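Remarks on the overall topology
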Amino acid sequence: MSKVEEFEELRPLLFSVAYRILGSVGEAEDAVQETWLRFDGTATRPTSTKAYLSTTVTRIAIDVLRSARVRREQYVGPWFPEPLLNDPYEDPARAMELADSVSMAALLLLERLSPLERAVFVLREVFGFGFDEVAAAVGRTETACRQLLVRARRHMQDGRPRFEAVSTERDELASRFFDALREGDVASLQDLLAADVSMAGDGGGKAPQLARAVVGADNVARLLASVFPWMARIDVTIEPHEINGQPGAIFRDRDGGVVNVMVLDVLDGRIRTIRSVINPDKLGHVGPVADAWALDRELRQARRRPN
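Residues numbered from 1 in each chain as written. Predicted model: local features only at pLDDT ≥ 70, side-chain atom pairs only at ≥ 80, totals over all residues. Heavy atoms only, no water.

**Description of the overall build of the chain**
Applicable threshold: A run of H or I in DSSP becomes a helix once it reaches four residues, and a run of E becomes a strand once it reaches two; helices and strands are each numbered from the N terminus. In this setup the radius of gyration rests on C-alpha atoms only. A globule is expected at 2.2 Å times the number of residues raised to 0.38. The rule is simple: take the accessible area with a 1.4 Å probe, protein chains only, and divide by the maximum for that residue type; under 20% is buried, over 50% is exposed, in between is partly exposed. In what follows, residue pairs with any heavy atoms lying within 4.5 Å of each other are defined as contacts. Per-residue and other accessible areas follow the Shrake-Rupley method at a 1.4 Å probe size, with only the shown protein chains counted as cover for residues.
Check the secondary structure of the chain and you find twelve helices and six strands. Its C-alpha radius of gyration of 21 Å places the chain within 12% of the 19 Å reference for a compact globule of 307 residues. Principal-axis analysis of the C-alpha atoms gives the chain an extent of 70 × 35 × 35 Å. Within the chain, buried positions represent 50% of all 307 residues. Long-range contacts, defined here as pairs at least 24 residues apart, represent 67% of the contacts in the chain between residues at least 6 apart. For the chain, the computed accessible surface area is about 14,400 Å², with 48% contributed by carbon and sulfur atoms.

**Thoughts on the nonpolar core**
Using the following cut-off: Buried Ala, Val, Leu, Ile, Met, Phe, Trp, Tyr and Cys residues that are joined via side-chain atoms within 4.5 Å together make up what is termed a nonpolar core.
Ranked by internal contacts, the top residues of the largest apolar core, which has 48 residues, are Tyr-19 and Phe-127. Going through the elements one at a time, helix H1 (3-22), helix H2 (25-40), helix H3 (49-73), helix H4 (95-102), helix H5 (104-110), helix H6 (115-126), helix H7 (131-138) and helix H8 (142-158) are the ones with two or more residues in this core. By residue number, the principal contributor to this core is H1, which donates ten residues. Formed by 36 residues, the second largest nonpolar core is a distinct cluster that contains Phe-177, Ile-234, Leu-264 and Ala-290.

**Section: the sheet that holds strand E5 (residues 258-267)**
Here is the rule: Strand pairing requires that DSSP identify at least two bridges connecting the strands. Axis geometry follows a simple rule: fit a line to the C-alpha atoms, using only the stretch in contact for helices, then measure angles between N-to-C directions, giving values from 0 to 180 degrees.
The six strands are arranged E2-E1-E6-E5-E4-E3 in an open sheet whose pairing can be described as mixed. Whereas interior strands pair on both sides, the edge strands pair on one side only; in this sheet they are strand E2 (213-215) and strand E3 (237-240). On average, each strand axis in the sheet is tilted by 15° relative to the strand beside it, whichever way the strands run. The pairing of strand E1 (residues 193-202) with E2 spans three bridges and is antiparallel. Pairing of Ala-200 across the sheet is with Ala-213, part of E2.

**A few points about the packing of aromatic side chains**
Defined as follows: Here the aromatic set is Phe, Tyr and Trp, taking the six-membered ring for Trp, and pairing holds for ring centres within 6.5 Å; pairs whose planes are under 30 degrees apart are stacked, those over 60 apart are edge-to-face, and all others are tilted.
Applying the stated rule across the entire model yields seven aromatic pairs. With centroids separated by 6.2 Å and ring planes inclined at 70°, the aromatic side chains of Trp-36 and Phe-39 adopt a geometry described as edge-to-face. Of the two residues, Trp-36 and Phe-39 are both situated in helix H2; the distance of three residues between them amounts to about one turn of the helix. Where Tyr-89 meets Phe-127, the ring centres are 5.6 Å apart and the plane angle is 55°; that geometry is what we call tilted. Taken together, the residues Tyr-89 in the loop between H3 and H4 and Phe-127 in the loop between H6 and H7 connect sequence positions 38 residues apart. According to the relative accessible area criterion, Tyr-89 is partly exposed, its value standing at 21%.

**With respect to the packing of H1 against H6**
Condition: Roughly parallel means an angle under 35 degrees; roughly antiparallel means over 145; roughly perpendicular covers 65 to 115; every other angle is labelled oblique. Two helices crossing with the near one rotated counterclockwise from the far one by less than a right angle form a left-handed crossing, whereas a clockwise rotation gives a right-handed crossing. Residues are grouped as follows: Ala, Val, Leu, Ile, Met, Phe, Trp, Tyr, Cys and Pro are nonpolar; Asp, Glu, Lys and Arg are charged; all remaining types, including Gly, are polar.
Where H1 meets H6, the closest approach of the two axes is 9 Å, and the angle between their N-to-C directions is 135°. Comparing the axis directions of H1 and H6 gives the class oblique. Seen from above, H1 lies across H6 with right-handed handedness. The segment H1 lies against H6, with Val-17, Arg-20, Ile-21 and Leu-22 engaging Arg-118, Ala-119, Val-122, Leu-123 and Val-126. Classifying every residue of the contact of H1 with H6 by side-chain character gives seven nonpolar, no polar and two charged.

Right, here's the structure in full:
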């Protein structure tokens, strides 16, 4: 195989590792591209291409995460990972670990870890790398990596996300939710929401949003019902789509521009969490981004007009 062929075969794995460490599609793609440049620039072939590329992308991602953490501490409002529409890496033997680890809830838990703990957890727990491979990737001894993993597991277990296991039931509930959202049906929305449901949006100070955080089925249902039927009147459409392995939807303006992405956490037949990513900087990989401020002005004008 040529270098290009070897790299392209491993690209899905490299991206998936980098995304779970960084929580950013753009930064993960950049890390993979930098990995290629380093691989292409090597004069000799490594003994194991997979080991070399995995080590390289992991170390690049750790460095990027260290600087990104400073920016996230200064972020305006809640910070959510960039939405991932499709995880390119598949491994039937680790399907459950891969699905769990890419959810927004899991990625937010990973934010509690140090960059090294996060990398060790991702490589070992999610992708099943041997401790020798993990140690080589993060530049620590196997003993140190075992200790890092113990600490990472402790942090993760406290808030380990749980989701509806049967996707057909989960997706059917999500479909009913988005139908009720279009209609502004408060009662139907309340029936689908857990009593302690929480809703939050990540606008990063760069887009209008409903509210930073709303809790409780009645509060969430009434807020949603007061806004989304009006959005339909200005031709905003809801496109159901799996997001980060969970049911969700992409909201588009009349020209197809992406307004926001919504993700639902479902458990015990109820929606437990609603997260919206509205920050335009996090939506460019989904498609052309709508002008959310212009839409907000149009929405306000529509609501002021007499029926």
